Amino acid sequence: MDPSDQKHFAVVDYVVFAVLLAASMGIGLYYALSGGRQRTTQEFLMADRNMRCLPVSLSLIASFQSAVAIIGVPAEIYAHGTQYWFIGCAYLLGLFIPAHVFIPVFYRLRVTSAYQYLELRFSRAVRICGTLTFICQMVIYMGICVYTPAFALNAVTGFELWVSVLATGLVCTLYTTIGGLKAVIWTDVFQTVVMFAGQLVVIVVGVQKTGGVSEVWRKVWEGNRISGLDLNPDPTERHTFWTLGVGGVFLMLSLYGVNQTQVQRYLSARTEKEAVRSCYMAFPSLQLALALSCVMGLVMFSLINMPTEYENIFVGLPGLPGLFVACLFSAALSTISSAFNSLATVTMEDLIKPHFPAMTEARAILLSKALAMSYGLLCVAMAYFTHLMGDSVLQMALKIFGMIGGPILGLFSLGMFFPWANSTGAVAGLGAGLSVSFWVSIGTILNRSSGSSSLPPDCRVNTTTALQTALSNVTLSRPSGLKRFYSLSYMWYSAFNCFTVILIGLIVSFLTGPMKEEDVTPGTVYPLLGKLLCFLPERLKKKLCCVTPLGQPPQCKEINGSSHRQEDRPPPEESESFLPDAHTPHVEHETAV
């Protein structure tokens, strides 16, 4: 379709859109010129570790509630029905586990980068491998996030697509570079409000134009877009309760448990309790965001022919097209700015500072800003390759987190839950996880041409006969051998790759000599096995290395060259503590491989 036929922007729309960009820039300028004026890496990268739980929780939502979700989830509901909505079941464990496992470990170790943990637990080599894997993941994902809203802006204004891509990337790069993490978090808060407002406007106007809620329901019911509980256990089924509710937990853990973008927000909180509280506060907001996106998809189905034709809803309603495009850009800018800041953090803390420990603070902050700007330009370039991919933007994004985020989750899980795992096993496990991940992904692409999946005639599943239907489906013709393996639902990628890393890591660790309890850095192991095997005698649990090592966790000074004095740390939280006593002297260790 000729973009000139789709120009629905009036003057007021341009004003609304310009206000969004100006407000985002204004927040960046405010934090660039106030407070410490971003003169230290602690302020620029960690917001001085002084953030309250409310802005942190809203930033947690905005960081991955990108334009991919605003467009991708409604398109998924439009095309395949409401089965995807069951991923909300995964949000509970996906946030509860980070709140009570990952946050306490990271926060009490006082790290700046999540990958500093890997050096404390294993070795510097493991830390570098983890950092490079994360950088690869986020750069690819940012290409999708930059491209998606630019495509929408092109559709409603007729702007050249790559002009829109450059505008998205450059505005975001500028306020991230000058304002640091505080600007990113507070801009996320503003953009989250705009995002929710835009979604509500689409729903309200769409329902009104359709003829009311009852008419929307009639059309989506007759169009077979209301899905029931699908209990089919087949892992090759694209979306079932198990792929979404169970596989989705591992996807959430890779995002909200060990991803530097989210960990950095937890660590910017004033106290550990504030960090945990922000994780809990994100749960209802994420459910709201998911519900709004799914309802948008249903409204789109009842009103228009294509799920991306949002602008047709607003014909004759000046200002609303501008608000919706502002909604898309709010979601995109919040995600992109979060990624730029986290990429700059891990590059600075994990790849540069260890080699230049005597770097001055002035030079470090200048280099951090240069890194944020460089990653911004790189992600704009990556957007070019997004339009070459054949999947929906939602599926592309979740595949990336499964393919690369899954092995990273496995690496952290190997270190936190299995005290006998050593650095050799960690590197081998991560390598195996990434290799298997890309093998399955390439096999899926090559296998796609040999068969196609079609939408079932009826998305509604009778919950009383779901199990019988699932069992009967087993007898139907389906791919066999490697083709069946390549047909694995993308929602299982995170879990499959995570367990691959853990399994290979443990095998190699035992073959090369498991790490002894006294050699494990205090504070880096969560006593999961000790709690699960609480019925065993203490002597046997100690033999299995299930007892948490005691001692003071090492200061960040030992691993990144920065100086964080013990007296500067906030008092320990009055919560159940499995980590070292703050007054027990630290005993130096050597990693046994």
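Values in this document were obtained by computation on a predicted structure and should not be read as measured data. (Residues numbered from 1 in each chain as written. Predicted model: local features only at pLDDT ≥ 70, side-chain atom pairs only at ≥ 80, totals over all residues. Heavy atoms only, no water.)

## Points about the overall build of the protein
So, step 1. When its secondary structure is counted, the protein shows 23 helices and zero strands.
So, step 2. Of all 593 residues assigned to the protein, the portion counted as buried reaches 59%.
So, step 3. In the protein, the share of contacts with a sequence separation of at least 24, taken over all contacts with a separation of at least 6, comes to 87%.
So, step 4. Of the accessible surface of the protein, which amounts to about 23,600 Å², a share of 67% is contributed by carbon and sulfur atoms. (Helix = DSSP H or I, 4+ residues; strand = E, 2+ residues; numbered from the N terminus. Buried < 20%, exposed > 50% of the residue type's maximum accessible area, 1.4 Å probe, protein only. Contact = heavy atoms within 4.5 Å. Areas by Shrake-Rupley, 256 points an atom, 1.4 Å probe, with all protein chains shown as cover.)

## Some points on the pattern of salt bridges
So, step 1. Applying the stated criterion to the full structure yields nine salt bridges.
So, step 2. Of the charged contacts, one joins Glu215 and Arg218 as a salt bridge, the two residues approaching to 2.4 Å between their closest N and O atoms. With Glu215 and Arg218 both in helix α9 (residues 213-222) and three residues apart, the pair spans about one turn of that helix.
So, step 3. Arg218 gets classed as partly exposed once you look at its relative accessible area, which sits at 35%.
So, step 4. A cluster of three or more residues bridged by salt bridges with shared partners is formed by Glu119, Arg124, Arg127 and Asp350. (Salt bridge = Lys/Arg side-chain N within 4 Å of Asp/Glu carboxyl O.)

## Things to note about the nonpolar core
So, step 1. Ranked by size, the top nonpolar core spans 139 residues in total, and within it Phe106, Tyr141, Tyr256 and Phe412 carry the most contacts.
So, step 2. With 14 residues, helix α16 (residues 393-417) is the single largest residue contributor to this core.
So, step 3. With eight residues, the next largest nonpolar core counts Phe17, Leu20, Val325 and Ala326 among its residues. (Core = buried A, V, L, I, M, F, W, Y, C linked by side-chain atoms within 4.5 Å.)

## Overview of the packing of aromatic side chains
When we look at a pair of aromatic rings, we describe it by the centre distance and by the angle of the planes.
So, step 1. Summed over the entire model, instances satisfying the criterion amount to 14 aromatic pairs.
So, step 2. Judged by centre distance (6.0 Å) and plane angle (35°), the rings of Trp420 and Phe510 are tilted. With Trp420 in the loop between α16 and α17 (423-448) and Phe510 in helix α20 (residues 493-512), this residue pair connects regions lying 90 residues apart in the sequence.
So, step 3. Looking at Trp420, the relative accessible area reads 15%, which means it is buried.
So, step 4. An aromatic cluster is built from Phe106, Tyr115, Tyr117, Phe134 and Phe412, whose rings are joined through pairwise contacts.
So, step 5. For the cation-ring pair, Arg110 lies above Tyr107, with the distance from its terminal atom to the ring centre recorded as 5.6 Å. (Phe/Tyr/Trp six-rings, centres within 6.5 Å; stacked < 30°, edge-to-face > 60°. Lys NZ or Arg CZ within 6 Å of the ring centre and 35° of its normal.)

## Comments concerning the packing of helix α3 (residues 53-64) against helix α14 (residues 320-352)
So, step 1. With their axes 7 Å apart at the nearest point, α3 and α14 run at an angle of 100° to one another. As far as their axial angle goes, α14 and α3 are roughly perpendicular. The segment α3 lies against α14, with Ala62, Ser63 and Phe64 engaging Ala331, Ser334, Thr335 and Ser338.
So, step 2. Split by residue class, the contact of α3 with α14 holds three nonpolar, four polar and no charged. (Axes fitted to C-alpha atoms, helices over the stretch in contact; angles between N-to-C directions. Parallel < 35°, antiparallel > 145°, perpendicular 65-115°, else oblique. Nonpolar A, V, L, I, M, F, W, Y, C, P; charged D, E, K, R; others polar.)

## Section: α14
So, step 1. Spanning 33 residues, α14 covers 46 Å between terminal C-alpha atoms, matching the ideal 48 Å at 1.5 Å per step.
So, step 2. Within α14, 30 of the 33 residues are buried, which leaves it mostly tucked inside the rest of the structure. (Expected span 1.5 Å × (residues − 1).)

## Remarks on the side chain of Ser342
So, step 1. Mapped onto the fold, Ser342 is located in helix α14.
So, step 2. For Ser342, the side chain forms a polar contact with the side chain of Thr261, separated by 3.1 Å.
So, step 3. Apart from the residues lying within four places of it in its own chain, the contact partners of Ser342 are Phe134, Gln260, Thr261 and Gln264. (Polar contact = N/O pair within 3.5 Å; in protein donor to acceptor, adjacent residues only side chain to side chain.)

## Structural notes on the side chain of Thr192
So, step 1. Position of Thr192 relative to the elements: it lies in helix α8 (residues 161-210).
So, step 2. With relative accessibility at 2%, the residue Thr192 sits in the buried group.
So, step 3. Setting aside its immediate chain neighbours within four residues, Thr192 contacts Leu58 and Ala62.

## Observations regarding the confidence of the model for the protein
So, step 1. Taken as a whole, the protein shows an average pLDDT of 76; of its residues, 75% reach a score of 70 or greater.
So, step 2. Taken element by element, the predicted model of the protein shows its lowest mean pLDDT in helix α18 (residues 466-473) (36) and its highest in α20 (93).
So, step 3. Here residues 1-6 is a poorly scored stretch, pLDDT under 50, and it has seven contacts once near neighbours within four places are set aside; other chains count. (pLDDT = per-residue confidence, 0-100.)

## Looking at a nonpolar patch on the surface
So, step 1. There is a patch of nonpolar side chains on the surface, built from Leu166, Leu170, Met373 and Leu377 and spanning about 360 Å² of accessible area.
So, step 2. Put simply, the parts of the chain that give the nonpolar patch at least two residues each are α8 and α15 (361-386).
So, step 3. Examined against the element boundaries, Met373 turns out to sit in helix α15. (Patch = residues over 30% accessible without salt bridge, like charges linked within 9 Å, V, L, I, M, F, W, Y side chains within 5 Å.)

## Considering the environment of Val16
So, step 1. Position of Val16 among the secondary structure elements: in helix α1 (residues 11-33).
So, step 2. Judged by relative accessible area, Val16 falls into the partly exposed class, the value being 27%.
So, step 3. For the pair Val16 and Ala326, spaced 310 residues apart in sequence, the C-alpha to C-alpha distance is 7.4 Å.

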